[in-house]
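# Chains, contacts and geometry: an overview
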Amino acid sequence: MRTATVSRKTSETSIDVTVNLDGTGVYTVSTGIGFFDHMLEQLSRHSLIDLDVKTVGDLHIDQHHTVEDTGLAIGEAVARALGDKKGIRRYADALSPMDETLTRVAVDISGRPFLVFKTEFSQKRLGEMDTEMFEHWFHSFAQTAGITLHVETLYGSNNHHIAESAFKGLARALRQAVEIDPRKADAIPSTKGVL
């Protein structure tokens with residue numbers, strides 16, 4: 001089983017994350033930010049990656065450290081669970097429609113972290129979550145997961161739908177990218193021989 005557990009403790013946050021890349025989308029998520037929990041639950045359910053997240057952060061200050069550090073911890077857990085990345089499909093993309101919104105997400109599990117985020121919000125908050133933190137979460141996740149990640153909302157007007165289609169798009173792309181390719185299950189998917 002491709003699983004990993006990460007504990008990240010700082011003076012700002014205390015985070016425990018466990019992932020199972022070969023799961024069924026079972027999740028337990030608690031970050032103290034309801035809308036953020038909802039997005040991480042979508043990530044798990046639609047990627048089929050089992051996700052257990054317990055974050056206690058300094059929300060009395062703001063959401064920055066909680067969201068950033070949770071992204072860093074989940075990304076690190078995914079990277080550890082991938083190991084040497086032998087046999088993975090590596091590349092994947094997804095179009096994620098949600099009513100009037102359509103978001104395109106593409107990933108390359110390359111070992112080279114990079115984020116292109118072309119998604120905008122017309123309101124400052126969704127529930128109690130600051131919308132500016134979505135881009136920061138995707139950046140933090142890509143950084144420690146070691147993936148190239150492109151997220152682009154092609155169109156949409158409802159802010160809830162825009163956020164959710166981005167997370168669901170990432171989930172669907174990750175589901176494909178982390179899968180073992182039965183045609184090359186014993187090989188690193190790179191001409192370099194390492195990712």
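Let me sum up the structure you'll find in this document.

For the structure shown, the criterion picks out 11 salt bridges. Between R8 and D69 there is a salt bridge; the shortest N-O distance is 3.5 Å. Remark: D69 occurs in helix α2 (residues 64–82) and R8 occurs in strand β1 (residues 3–9); sequence separation between them is 61 residues. Exposure remark for R8: the relative accessible area of 26% places this residue in the partly exposed category.

Turning our attention to the packing of helix α1 (residues 34–47) against helix α4 (residues 159–178). Each packed pair of helices is defined by two parameters, the angle between the axes and the distance between the axes. Packing of α1 against α4 brings their axes to within 7 Å, and their N-to-C directions diverge by 30°. Looking at the two axes, α1 sits roughly parallel to α4. The crossing of α1 and α4 is right-handed. Residue-level inspection shows F35, H38, M39, L40, Q42, L43, H46 and S47 of α1 in contact with α4, the latter providing H160, A163, E164, F167, K168, L170, A171, R172, L174 and R175. For the contact of α1 with α4, a count of residues per class yields 9 nonpolar, 5 polar and 4 charged.

Now for the pairing of strand β2 (residues 13–20). Pairing between β1 and β2: 7 bridges, direction antiparallel. Following the sheet pairing, T5 is matched in β2 by T18. Between β1 and β2, which follow one another and run antiparallel, lie 3 residues. Pairing of β2 with strand β4 (residues 50–57), which is carried by 8 bridges, proceeds in the antiparallel orientation.

Let us now look at the side chain of T66. If you trace the backbone, T66 turns up in helix α2. With sequence-adjacent residues up to four places away left out, T66 is seen in contact with T13, T31, I33, F36, T55, G57, D58 and L59.

Okay, the sheet that holds β1 next. Taken together, 4 strands build an open sheet; the order of strands is β1-β2-β4-β3 and the sheet is mixed. Unpaired on one side and paired on the other, β1 and β3 (27–30) mark the two borders of the sheet. Taking each pair of neighbouring strands and ignoring which way they run, the sheet shows an average axis angle of 5°. Each of β3 and β4 is contacted by α1, which is oriented at about 160° to β3, the strand it contacts most.

What counts as what
- Just so you know, the residues in each chain are numbered from 1, in the order the chain's sequence is written.
- Reporting in this predicted model follows two pLDDT cut-offs: at least 70 for local features of residues, and 80 or more for side-chain atom pairs to be given and counted; totals over whole chains, interfaces and linings ignore these cut-offs and use all residues.
- Only heavy atoms go into the side-chain values, all of them from the structure, while hydrogens and water stay out.
- Salt bridge criterion: a side-chain nitrogen from Lys or Arg within 4 Å of a carboxyl oxygen from Asp or Glu.
- What counts as a helix is a DSSP run of H or I of at least four residues, what counts as a strand is a run of E of at least two, and both are numbered from the N terminus.
- Burial status follows relative accessibility: with a 1.4 Å probe on protein chains alone, a residue under 20% of its type maximum counts as buried, one over 50% as exposed, and anything between as partly exposed.
- Each axis is a line fitted through C-alpha atoms, taken for helices only over the stretch in contact, and angles between the N-to-C directions span 0 to 180 degrees.
- Oblique is the label for any angle not covered by the other classes, which are roughly parallel (under 35 degrees), roughly antiparallel (over 145) and roughly perpendicular (65 to 115).
- Here a crossing is called left-handed whenever its near helix is offset anticlockwise from the far helix by less than a right angle, and right-handed whenever the offset is clockwise.
- Contacts are assigned to residue pairs that have any heavy atoms within 4.5 Å of one another.
- Just so you know the grouping, Ala, Val, Leu, Ile, Met, Phe, Trp, Tyr, Cys and Pro go in nonpolar, Asp, Glu, Lys and Arg go in charged, and all remaining residues, Gly too, go in polar.
- In short, DSSP must find at least two bridges between two strands for them to pair.

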